[in-house]
Amino acid sequence: MIILGIETSCDETAAAVVKKNGDKIEVLSSIVASSEELHQKTGGIIPEQAAREQVKSIIPVIEESLKTAKYKSKNIDAIAVTYGPGLIGSLLVGVETAKTLSKVWNKPIIPINHLTAHLASCFIDSKPDFPAIGLVVSGGHTDFVLLKNINKVEYVGGTRDDAAGEAFDKSARLIGLDYPGGPAISKLADIYIDSRLHGNDKLDLFPRPMINSGDLDMSFSGLKTAVLNYVKANPSFDKNKMSAEIQEAIVDTLITKAKLAIDKHSPKSFLLAGGVSANSRLRVKMSRIFGEAETPKMYVPIAKYSTDNAVMIAVAALMQENIVTWKEVNANPSLSIEE
Ligand code: KG4
Ligand code: ZN
């Protein structure tokens, strides 16, 4: 089974060719074009501009993915495409391109939920056991789910306001860092953490709301206000220390809630996915929860498959095989993680 995956839900335009041979998944190509540079200039994503860039790059990106994989369209068994959630203009570029190719090439199409696909990224090189707890932590979502299998996903808690990635991006902007804020904050925070003489001074400047709420809900919108107030009161703040403080407030909240999710649901696996899961501090602190214990085992994709890519779309398709005809596929910007 050979799948061409297409992903355009936010500012990336991505295509990948993935092959399944028995139980083995082989990534034959993964191309990601980003309009990140354009959005650095504006300090965030401008949806219409993102979609205009995607219109320009979608065909070259698909061609490149086939060329790198050394496959022609006739060798592909199906086309998988993200149909939601995301920005409507961006989703339409991928969905309508996939539908057109499906009709012209006479290939079936597999519509994929972007959030389920983030969870599927944990299955690229591994085979996690079910039931699993998944944490999708990205620019638009921070969701805990209980998975009986990849097609049976139950939402069990998450952010009530901003997503964790959004909190990184908004806080970064307030301290003068470029978009996307997550990697920018992570870089400076690592420098600060590495340079501390004794490494044991506390990073507790900012609040961790809802940390003791007893459920798996979170709130990140207060962080940007706290950062704003601090910056106003201390105009000569240290950017590296501020980055470490912001990162720690977000990471600590996610860690506390992950522990609670494991206590409540006793899963066999814990799947950490989405752009923020590329964060090294989160990965290190999260893996400490699991220590030497056999279960649950933690799975996190390599960093390039944490952020948006099309390999995860193709892998989700291989796990679902929910084949439909092109007429049945429509972009759905507000698709939930359970759909
Ligand atoms: O999954 P993703 O690529 O796109 C969405 O589906 O939203 O996630 C993007 C988010 C952005 O908010 C970005 O700042 C954050 O992931 N991010 C990170 C890191 N790399 C990306 N946040 C913290 N540390 C990182 N290393
Ligand atoms: Zn994503």
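Preceding this paragraph is the structure being described.
Summarised in this report is the structure supplied together with it. Treat the numbers as computed from the prediction; the structure is a model and nothing was measured. (Residues numbered from 1 in each chain as written. Chains lettered and ligands numbered in written order. Predicted model: local features only at pLDDT ≥ 70, side-chain atom pairs only at ≥ 80, totals over all residues. Heavy atoms only, no water.)

## Regarding the site of ligand 1
Right, so step 1: As a structural note, the neighbourhood of ligand 1 is formed by 19 residues, with Gly139, Asp169, Gly182, Gly275 and Asp308 the closest of them.
Right, so step 2: Contacts to ligand 1 include glycine 275, whose backbone N or O atom sits 3.0 Å from an oxygen atom.
Right, so step 3: Between ligand 1 and the protein, one listed contact pairs an oxygen atom with a backbone N or O atom of aspartate 308 at 3.0 Å.
Right, so step 4: Its free accessible area being 550 Å², ligand 1 has 88% of it covered by the protein chains.
Right, so step 5: Counting atoms within 2 Å of the grid points, the majority share of ligand 1 lands in the largest pocket.
Right, so step 6: Broken down by secondary-structure element, the contributors of at least two residues to the shell around ligand 1 are α4 (114-120), α5 (164-174) and α6 (181-195).
Right, so step 7: Residue composition of the shell around ligand 1, grouped by class: 5 nonpolar, 12 polar and 2 charged. (Near = heavy atom within 4 Å. Polar contact = N/O pair within 3.5 Å; in protein donor to acceptor, adjacent residues only side chain to side chain. Areas by Shrake-Rupley, 256 points an atom, 1.4 Å probe, with all protein chains shown as cover. 1 Å grid on protein atoms, 1.4 Å probe; cavity = no way out; pocket = protein on both sides within 12 Å on 5 of 7 lines; lining within 4 Å. Sits in = over half its atoms within 2 Å of the grid points. Helix = DSSP H or I, 4+ residues; strand = E, 2+ residues; numbered from the N terminus. Nonpolar A, V, L, I, M, F, W, Y, C, P; charged D, E, K, R; others polar.)

## Observations regarding the coordination of the zinc ion (ligand 2)
Right, so step 1: Within the first shell, the zinc ion (ligand 2) binds the protein through His114 (NE2), His118 (NE2) and Asp308 (OD), at distances of 2.0 to 2.1 Å.
Right, so step 2: When the donor residues of the zinc ion (ligand 2) are listed from N- to C-terminus, their spacing reads H-x3-H-x189-D. Placement of both histidine 114 and histidine 118 in helix α4 is noted, with a separation of 4 residues, approximately one turn of the helix. A single burial state applies to histidine 114 and to histidine 118, both of which are buried. (Donors = N, O, S within 2.8 Å, 3.2 Å for Na, K, Ca; no water. Buried < 20%, exposed > 50% of the residue type's maximum accessible area, 1.4 Å probe, protein only.)

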